[in-house]
Amino acid sequence: MPLPETIFCAQQIKIPPELPDILKQFTKAAIRTQPQDLLQWAAAYFSALSKGEPLPVKERIEMPLARNNRDAGLTPGLLKVLHKQLSPKGVVSVAELKEKWKHLCLPEEQLKAILQLDDFGEEVEWMKLLALGCSVLGESLLSSMKHACEILTRDPEGGAARIPFETFSFLYSYLASIDGEIPEEKTEAFLHKIKEAADQQSGMVLLRNFATQPSTLL
């Protein structure tokens, strides 16, 4: 025999005072991030929230990339989310990287393709993975560096997108070595010009320092 249905009056129902704000923030985060699998992403969201970890949330809604008509795939906003989550560790395990990647509902085959670009073992230096992620987003070395600057900068969106020369040099040199077709002397000459500009800008590289470089340096 089924149990009788319990009827509660309004006075008996107690709503936790923090619940409305939690749900409001969750809804705003879901709208900004637009996850492909809402339930999977929600599980990751509340898990991170309960542990005090960086949330898998974009800073703002992204328009689809013009060259990519697919519904799923890495975007600058999602790469920035991963950077916030994983950069404090410096070196991350491939297992954890795959977990965070999955939480953002990104295709597993795309991560596999990125990892195959270098000889990684069970651990990955995050900044190298970031650089490779930018290379997926960019159509050239310099456009990849533009994405990197926009992800790493502390400047407001649309600003100079400054990053330290040491960071720029590391990322550029690494991507140039992965490319394999850029002579080392050309890389060194390019970075020397960038450093000259950075020395006049408190050691910071600005987008305008390289965004207008000739195509021979792409």
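Coordinates for the structure precede this section.
In every chain, residue numbers begin from 1 and rise along the written sequence. Whole-chain, interface and lining totals are the exception, using all residues; otherwise, since this is a predicted model, local features are given only for residues with pLDDT of at least 70 and side-chain atom pairs are given and counted only at 80 or more. Think of the side-chain values as coming from all heavy atoms in the structure, minus any hydrogens and water.

*Asks:* What exactly am I supposed to notice about the overall build of the protein here?
*Replies:* Helix and strand definitions follow DSSP, with helices as H or I runs of at least four residues and strands as E runs of at least two, each counted in order from the N terminus. Within the protein, the regular secondary structure consists of nine helices and four strands. For the protein, the sequential pattern of α-helices and β-strands runs α-α-α-β-α-α-β-α-α-β-α-α-β. Each residue gets one of three labels from its accessible area relative to the maximum for its type: buried under 20%, exposed over 50%, partly exposed in between, using a 1.4 Å probe on protein chains only. For the protein, the residues scored as buried account for 39% of the 218 residues in total.

*Asks:* Please explain the packing of helix α3 (residues 76-86) against helix α7 (residues 141-152) as it appears in this structure.
*Replies:* A packed helix pair is summarised by two numbers, namely the angle formed by the two axes and the spacing between the axes. Only the contacting stretch of a helix is used when fitting its axis, a line to C-alpha atoms as for every element, and angles between N-to-C directions run 0 to 180 degrees. Remark: α3 packs on α7, axes separated minimally by 10 Å, with the N-to-C direction vectors making an angle of 55°. Relative to α7, the element α3 is oriented oblique. Note that α3 runs across α7; the crossing there is right-handed. On α7, the residues touching Pro76, Leu79, Lys80 and His83 of α3 are His147, Glu150, Ile151 and Leu152. Classifying every residue of the contact of α3 with α7 gives four nonpolar, two polar and two charged. Convention used here: angles under 35 degrees read as roughly parallel, angles over 145 as roughly antiparallel, angles from 65 to 115 as roughly perpendicular, and any remaining angle as oblique. Working rule for handedness: look at the near helix, and if it is turned counterclockwise from the far one by less than a right angle, call the crossing left-handed; if clockwise, right-handed. Note on contacts: a residue pair is in contact if any heavy atoms of the two residues lie within 4.5 Å. We call Asp, Glu, Lys and Arg charged. Ala, Val, Leu, Ile, Met, Phe, Trp, Tyr, Cys and Pro are nonpolar, and the rest, Gly among them, are polar.

*Asks:* Explanation requested: the packing of α7 against helix α8 (residues 165-179) in the structure shown.
*Replies:* Axis separation between α7 and α8 bottoms out at 11 Å; the angle between their running directions is 145°. The handedness of the crossing between α7 and α8 comes out as right-handed. Contact with α7, carried on its side by Leu141, Leu142, Ser144, Met145, Ala148, Cys149 and Leu152, involves Thr167, Phe168, Leu171, Tyr172, Leu175 and Ala176 of α8 and no other residues of that element. By residue class, the composition of the contact of α7 with α8 is eleven nonpolar, two polar and no charged.

*Asks:* Even after reading the chapter, I still don't get the nonpolar core, so can you show me in this structure?
*Replies:* In a soluble, globular protein the nonpolar side chains are often hidden away together inside. Here, nonpolar core refers to any group of buried Ala, Val, Leu, Ile, Met, Phe, Trp, Tyr and Cys residues whose side-chain atoms link them within 4.5 Å. In terms of nonpolar packing, the biggest core is built from 47 residues, with Leu74, Phe168 and Phe210 touching the most fellow members. Contributing elements (two or more residues each) for this core: α3, α4 (94-103), α5 (108-115), α6 (126-137), α7, α8 and α9 (184-199). Those residues in contact with phenylalanine 210 that sit more than four places away from it in its chain are Leu142, Met145, Lys146, Cys149, Phe168, Phe190, Ile194 and Val205. Counting residues in hydrophobic clusters, the runner-up holds eight residues, among them Phe26, Ala30, Trp41 and Cys105.

*Asks:* I would appreciate a short explanation of the packing of aromatic side chains in the present structure.
*Replies:* Two measures describe an aromatic ring pair: the distance that separates the ring centres and the angle between the ring planes. In this analysis, rings of Phe, Tyr and Trp, with Trp reduced to its six-membered ring, are considered paired at centre separations within 6.5 Å, and the interplanar angle assigns stacked below 30 degrees, edge-to-face beyond 60, and tilted for intermediate values. Scanning all chains against the criterion turns up ten aromatic pairs. Three or more aromatic residues joined by ring pairs make a cluster, and in this case those are Phe26, Trp41, Tyr45 and Phe46.

*Asks:* Please explain α3 as it appears in this structure.
*Replies:* Side chains that are three or four residues apart share a direction in an α-helix, a result of its 3.6 residues per turn. Of all the eleven residues making up α3, ten are buried; the element is thus mostly covered by neighbouring parts of the structure. By the burial criterion, the buried members of α3 are Pro76, Gly77, Leu78, Leu79, Lys80, Val81, Leu82, His83, Gln85 and Leu86. Contacts from the buried residues of α3 go to α1 (19-33), β1 (91-93), α4, α6 and α7.

*Asks:* Help me understand unusual backbone geometry in this model?
*Replies:* Residues other than glycine predominantly adopt negative phi, and peptide bonds predominantly adopt the trans conformation. Of note in the backbone geometry, glutamine 34 takes a positive phi value of approximately 50° without being a glycine. Mapped onto the elements, glutamine 34 comes out in the loop between α1 and α2 (38-51). Here the phi dihedral of cysteine 105 falls at roughly 60°; this positive angle occurs in a residue that is not glycine. As for its position among the elements, cysteine 105 is in the loop between α4 and α5.

*Asks:* Is there a simple way to think about the environment of arginine 60 in this case?
*Replies:* Its place among the elements puts arginine 60 in the loop between α2 and α3. On the basis of relative accessible area, arginine 60 is assigned to the partly exposed category, the value being 38%. Note: C-alpha distance between arginine 60 and glutamine 34 (26 residues apart in sequence) is 9.9 Å.

Take it as geometry only, folks, not as evidence of what the structure does.
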